[in-house]
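# Examining the three-dimensional arrangement
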Amino acid sequence: MTVLMKKINKNSKAIVQDAKTEDLLSRSLQYLKAGYPIHFTGPSGTGKTSIALALAKKRNKPVMLIHGNHELNNKDLIGDFTGYTSKKVVDNYIRSVYKREESVTETWRDGRLLEAVKNGYTLVYDEFTRSQPATNNIFLSILEEGILPLYGTKLTEPFVRVHPDFAVIFTSNPDEYAGVYQTQDALLDRLITIFIDHKDRDREAAIVSEKVDLDKSYATAITTLVAELRKECKVDSGPSLRASLMIAKLAAEESIPIEGSDSTFQRLCIDILGHQVSRCIESDEPIKTAENLIIKACNNMKVIEE
Ligand SMILES: Nc1ncnc2c1ncn2[C@@H]1O[C@H](COP(=O)(O)OP(=O)(O)OP(=O)(O)O)[C@@H](O)[C@H]1O
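Just so you know, these numbers come straight off a predicted model, no measurement behind them. (Residues numbered from 1 in each chain as written. Predicted model: local features only at pLDDT ≥ 70, side-chain atom pairs only at ≥ 80, totals over all residues.)

### Quick look at the packing of helix α10 (residues 241-253) against helix α11 (residues 263-280)
Two elements in contact, α10 and α11, have axes whose closest approach is 10 Å; the angle formed by their N-to-C orientations is 155 degrees. Here α10 is positioned roughly antiparallel relative to α11, judged by the angle of their axes. Relative to α11, α10 is oriented so that their crossing is right-handed. Contacts from Ala 243, Met 246, Ile 247, Leu 250 and Ala 251 in α10 reach Phe 265, Leu 268, Cys 269, Ile 272, Leu 273 and Gln 276 in α11. Considering only residue class, the contact of α10 with α11 consists of ten nonpolar, one polar and no charged. (Axes fitted to C-alpha atoms, helices over the stretch in contact; angles between N-to-C directions. Helix = DSSP H or I, 4+ residues; strand = E, 2+ residues; numbered from the N terminus. Parallel < 35°, antiparallel > 145°, perpendicular 65-115°, else oblique. Left-handed = near helix turned anticlockwise from the far one by under 90°. Contact = placed C-beta atoms within 7 Å. Nonpolar A, V, L, I, M, F, W, Y, C, P; charged D, E, K, R; others polar.)

### Structural notes on the domain arrangement of the protein
Interface size is commonly expressed as the accessible surface area that is lost when the partners come together. Assigned domains of the protein: these are domain 1 (35-77 + 112-195), domain 2 (82-110) and domain 3 (201-300). Taken together, the contact between domain 1 and domain 3 spans five residues of the former and four residues of the latter. Residues of the side of domain 1 that touches domain 3, tallied by class, amount to one nonpolar, four polar and no charged. (Domains from an automatic or database assignment.)

### Some remarks on the pairing of strand β8 (residues 167-172)
Consecutive side chains of a regular strand alternate in pointing toward one face of the sheet and then the other. For β8, a buried count of six out of six residues is recorded, marking the element as mostly surrounded by other parts of the structure. Here β8 shows no split at all, with Ala 167, Ile 169 and Thr 171 on one side and Val 168, Phe 170 and Ser 172 on the other all buried. Two strands pair when backbone bridges link them, and strand β1 (residues 38-41) and β8 are joined in this way by four bridges, in the parallel orientation. Across the sheet, His 39 pairs through a bridge with Phe 170, a residue of β8. As paired elements, strand β5 (residues 122-126) and β8 share four bridges and run parallel to each other. In the strand pairing of β8, Tyr 125 is matched with Phe 170. (Buried ≥ 20, exposed ≤ 12 C-beta atoms within 10 Å, placed from the backbone. Pairing = 2+ DSSP bridges.)

Next comes the structure, spelled out in structure tokens:
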């Protein structure tokens, strides 16, 4: 039986920064400082959101997070009238005089984009291509003219000027992903787009080891197994670092030995990886083929003590 855990990790949300990640963050910070919005794109689970949030944090300004979705609209972004406030004064101090004053005003609530633009926050717009392109058009005026038009509202000013400290970081999955809209060229043209791919197995192992507090040799064995299965994928990019983290965390918490020949470990790998692998391979019997591939990869797995 193998020793899996040194101790449970205390800060599982923190990003693990190797030299390449640090370099990426410092370059991106420079681009943001120069006034250019950043766009991280790439397959699922490669760390785009984590990097975007770590970058936003480096600016030392309040961070506003928006998740793209097809129902997001200008009311969410700019704001909306949420109801009415009414005020009534009845003056009947002198019995023979009855005076009544009533006023009704609409109550306005700033949308998240308006709040960020007005106050100079760092906006992280996660998975922005899941929102309809027409909704994202508003960013053209923000990025080009430095104004947020208040169209569609009954506000008296036509626009709000963008605060000089405002910055925006976008993340997205590539166009071929389900539930994703194609982005208008005019918007892409204004962003610095950086592709984030799966990391190599050593960089992934360093993250798994750090986040789950797992010995590096076991972390490497898991990320190698997942990377091998990823290579079998023809249709999409296959299992990601997220799957490695799940396997490592569950093995550690449930005291499952990280040994390729162990049937409980194999079962865990099939549960976590089976569906994803079956979707990304070309086979007449995808589920069965995926299970066989996973068992084969488990049997080939080696834990090399460092
Ligand atoms: N450098 C890193 N340090 C620590 N954890 C990381 C790092 N990169 C990725 N992760 C972890 O990997 C998992 C996937 O990362 P994240 O959600 O940022 O990926 P993503 O590319 O935004 O995925 P999706 O496209 O599915 O939204 C998360 O659990 C995250 O905490």
